[in-house]
Amino acid sequence: MSGNDMVDGPDWVVDPEDESGAVMAMVGRQIRLWREAAGLRAAELGEAIGYGENLVYKVEAGTRIAKPEFLDRTDDVLGAKGKIAAMKKDVAEARYPKKVRDLAKLEADAVELGSYAADVIDGLLQTEAYARALYRERRPAFTEEQVDGLVAARMARQAIFERRPAPLLTFVQEEATLRRPTGGKMVLRQQLEHLLELSLLRHVEIQVMPTETEEHAGLGGSHEVVKLSDGTAVGHNEVQLTSRLISDPKEVQILEMRYGLTRAQALTPRLSRTFIEKLLGET
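Residues numbered from 1 in each chain as written. Predicted model: local features only at pLDDT ≥ 70, side-chain atom pairs only at ≥ 80, totals over all residues. Heavy atoms only, no water.

> Whenever I open this one, the overall build of the chain confuses me. Can you help?
When its secondary structure is counted, the chain shows 13 helices and 6 strands. In the chain, the proportion of contacts linking residues at least 24 apart, taken out of those at least 6 apart, comes to 73%. Carbon and sulfur atoms make up 53% of the accessible area of the chain, which totals about 15100 Å². (Helix = DSSP H or I, 4+ residues; strand = E, 2+ residues; numbered from the N terminus. Contact = heavy atoms within 4.5 Å. Areas by Shrake-Rupley, 256 points an atom, 1.4 Å probe, with all protein chains shown as cover.)

So this is what it looks like as structure tokens:
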């Protein structure tokens, strides 16, 4: 087994229960057809692109996700003139679990996103260490491979911060989420520092909902509202075992109302930054 086989990582293994397997199977068939047309054995292709024969077979069988560099090198070696490399987009979209793909599609089309987080730091704001600590606390317990895949999927969603034109991203964090030392004090410190860094971005506003606040429109739980480029809006709720996208206009309107009130009742972005800096100094 080559070094590249070893560093591939568990998040590049196809989940047999996810419909993305059909995409990976299609990609694998195309690679095999191009390889056979070039008169190469799997071992010869693997040697030419720096991967092991076993991994080439797994990619062709649709049980292993092809990395971007795998597709680029294969395209080059087999003389596909960009036809294999072009499949990188399909692989990237299908790589993560369905609920993450659904969210990522919405976020990719968002002109505005607002999120109230009552229990943990919002997923878009999490550091990798914080996300890993959260997933390791889930019961029944995930395997380390599952944790790796889930963390990778969560980090991939954060590409929304780099989008141009930049969407307006607003967040309201419950004070308790900023005090709970998930993963330990060092992880919490890094997380608070990360929030302060993100709060400096001109298209990002982070607000804190103090525990002592008497009026609170968000007590029904965490929720998210995404406004899309076509003028429509979609809501999202995730509680315990359920992740639900909400498209009914009346329900979305209720979430928008609650989120708007929650933002008005929380500390302003400037005061929230001061609040987080104070917490960081105490941690």
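The structure having been displayed, the exposition proceeds.
> Which parts of the structure should I look at to understand helix H8 (residues 128-137)?
A turn of α-helix holds 3.6 residues, and therefore any two residues three or four places apart point the same way. Three or more residues of H8 are buried, namely Tyr-130, Ala-131, Arg-132, Ala-133, Leu-134 and Tyr-135. Among the structural elements, helix H9 (144-157), helix H10 (175-179) and helix H11 (185-198) are those in contact with the buried residues of H8. (Buried < 20%, exposed > 50% of the residue type's maximum accessible area, 1.4 Å probe, protein only.)

> How do you make sense of the packing of aromatic side chains when you look at a structure like this?
Tallying each qualifying case throughout the model produces 2 aromatic pairs. Ring geometry for Tyr-51 versus Phe-70: centroids 5.1 Å apart, planes at 65 degrees, classification edge-to-face. Of this pair, Tyr-51 sits in the loop between helix H3 (42-49) and helix H4 (53-61) while Phe-70 sits in helix H5 (residues 68-78), and the two are 19 residues apart along the sequence. The exposure class assigned to Tyr-51 is buried, which follows from its relative accessible area of 4%. Aromatic pair Tyr-135 and Phe-142: ring centres 6.2 Å apart, planes at 65 degrees, arrangement edge-to-face. (Phe/Tyr/Trp six-rings, centres within 6.5 Å; stacked < 30°, edge-to-face > 60°.)

> Looking at this model, I keep getting lost on the pairing of strand S1 (residues 110-117). Mind explaining?
Along any regular strand the residues' side chains alternate between the sheet's two faces. Burial within S1 is extensive, with 6 of its 8 residues counted as buried. The pairing of S1 with strand S4 (residues 223-228) spans 6 bridges and is antiparallel. When the bridges of S4 are listed, Ser-115 appears paired with Glu-224. (Pairing = 2+ DSSP bridges.)

> Mind showing me how you'd approach a nonpolar patch on the surface here?
A surface patch of nonpolar side chains, amounting to about 270 Å² of accessible area, comprises Ile-254, Met-257 and Leu-261. Along the chain, Ile-254 falls in helix H12 (residues 249-265). (Patch = residues over 30% accessible without salt bridge, like charges linked within 9 Å, V, L, I, M, F, W, Y side chains within 5 Å. Salt bridge = Lys/Arg side-chain N within 4 Å of Asp/Glu carboxyl O.)

> Would you mind showing me how to read the side chain of His-203 here?
Topologically, His-203 is positioned in the loop between H11 and strand S3 (204-209). A distance of 3.4 Å separates a polar atom in the side chain of His-203 from the backbone oxygen of Phe-161. In contact with His-203, other than residues within four places in its own chain, are Phe-161, Arg-164, Ala-166, Pro-167, Leu-168 and Leu-169. (Polar contact = N/O pair within 3.5 Å; in protein donor to acceptor, adjacent residues only side chain to side chain.)

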